[in-house]
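# Observations on the model geometry
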Amino acid sequence: MSPADAAGPADVVVALDVGGTGMKCALVRPDGTTVHTERHPTDAGRGPDAVVETILDVAEGLAGKARADGRDPVALGIAVPGVVDEAAGVAVWSANVGFRDVPLRDLAAERLGLPTVLGHDVRVGGLAEARLGAGRGTGHVLFVAIGTGIAAAHVVDGAAASGAHGAAGEIGHVLVRPGGPRCGCGRDGCLEAVASASAIARRYAEATGAGPTGAAGDSGPTGTPASAADVADRAAAGEPAAARVWAEAVEALADGLATGQALYDVETVVVGGGLAQAGPRLFDPLRAALHERMTFHRRPRLVAAALGDEAGCLGAALLALDAR
Ligand SMILES: [Zn+2]
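### Regarding the pairing of strand 3 (residues 34–41)
- Examined bridge by bridge, strand 2 (residues 22–28) and strand 3 share 7 bridges and lie antiparallel to one another. By the bridge assignment for strand 3, Leu27 is matched with His36.
- Hairpin connection, strand 2 to strand 3: the antiparallel pair is bridged by 5 residues, and Gly32 has positive phi, about 90°.

Quick look at the structure:
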């Protein structure tokens, strides 16, 4: 039965996607259409208790807004980053929001009196891309978000596996360059240490002697350090250091995605996150490098994410719709 089948005409779910800097929020109908959106700052520097209070206040406000508009809020979905125990509804750990074992699902269910589901931001983003976005119509999708870090969601028939400990999909910590750059996790040579947007910017700064703050050299007209997007532009313009850093990132990504394909044998790989904005400068060489690595494996379709930064919020809504 599709979610729409059991829905009343005025039903909506409340959806929140909580990030390190902001929360994206929406009221979503059972057919996946959004009827209202809001954004709020997370202000993670206030500490996790204050962030939890804000989440509950915002969710309550959205449910109130729905009722004021004559709609019926029937469930709540919340997506958070880090390690998430979806079965227990606990935000186990998050570097950028500061969560440590927060029973967010039960806190929210108690405050709003609605069925509530807690999900992981990348896994629900993958869910949305697989069901409503670039992976629509395919049963086996690997969604890979490349931004500050790199994480993935393996979605089969519209459901993303979370792993035994809520930590599935950490493709950014696949070892692709033994002895390579130090990763934030403490090991040398993880994919994320070579090919995340922040790693690309850092490696370019190192290669050009600009340093991580850009203070000493090539920092562009505004004085800010070159971003991964700048590196892509400069590589396309033929600048050798940028071309080398970009090519190394693409090769490392192809290694990581080839590992993903060996494990999961998907039809479609959807790449999202900030780095996907590079468009053909990323996808053309990455597709070629990935295909080079396929021996007996079937080549997956490699496509850009379609839902942008709405994916997490829509995915949280899908979880809520599934949970009604
Ligand atoms: Zn790592």
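### Comments concerning the side chain of Thr116
- Along the polypeptide, Thr116 turns up in strand 8 (residues 116–120).
- Of note is the side chain of Thr116, whose polar atom sits 2.9 Å from the backbone oxygen of Leu114.
- Beyond its immediate sequence surroundings of up to four residues, Thr116 is in contact with Leu76, Ile78, Arg105, Ala108 and Ala109.

### What to know about the coordination of the zinc ion
- Around the zinc ion, the protein supplies His173 (ND1), Cys183 (SG), Cys185 (SG) and Cys190 (SG) as donor atoms, at distances of 2.0 to 2.4 Å.
- Within one chain, the residues donating to the zinc ion are spaced in sequence as H-x9-C-x1-C-x4-C. Separated by 17 residues along the polypeptide, His173 in the loop between strand 11 (159–160) and helix 4 (192–195) and Cys190 in the loop between strand 11 and helix 4 bring together distant segments of the chain.
- For His173, a relative accessible area of 25% corresponds to the partly exposed category.
- Assessed through its relative accessible area of 0%, Cys190 is described here as buried.

### Re the side chain of Ser196
- Here Ser196 lies in the loop between helix 4 and helix 5 (197–208).
- Overall, Ser196 belongs to the buried group, its relative accessible area being 2%.
- Within the local environment of Ser196, its side chain forms a polar contact with the backbone oxygen of Glu192, the two atoms lying 3.0 Å apart.
- If sequence neighbours within four positions are ignored, Ser196 has contacts with Ile146, Gly147, Thr148, Gly149, Ile150 and Leu191.

Reading guide: rules and limits
- Residues numbered from 1 in each chain as written.
- Predicted model: local features only at pLDDT ≥ 70, side-chain atom pairs only at ≥ 80, totals over all residues.
- Heavy atoms only, no water.
- Pairing = 2+ DSSP bridges.
- Helix = DSSP H or I, 4+ residues; strand = E, 2+ residues; numbered from the N terminus.
- Polar contact = N/O pair within 3.5 Å; in protein donor to acceptor, adjacent residues only side chain to side chain.
- Contact = heavy atoms within 4.5 Å.
- Donors = N, O, S within 2.8 Å, 3.2 Å for Na, K, Ca; no water.
- Buried < 20%, exposed > 50% of the residue type's maximum accessible area, 1.4 Å probe, protein only.

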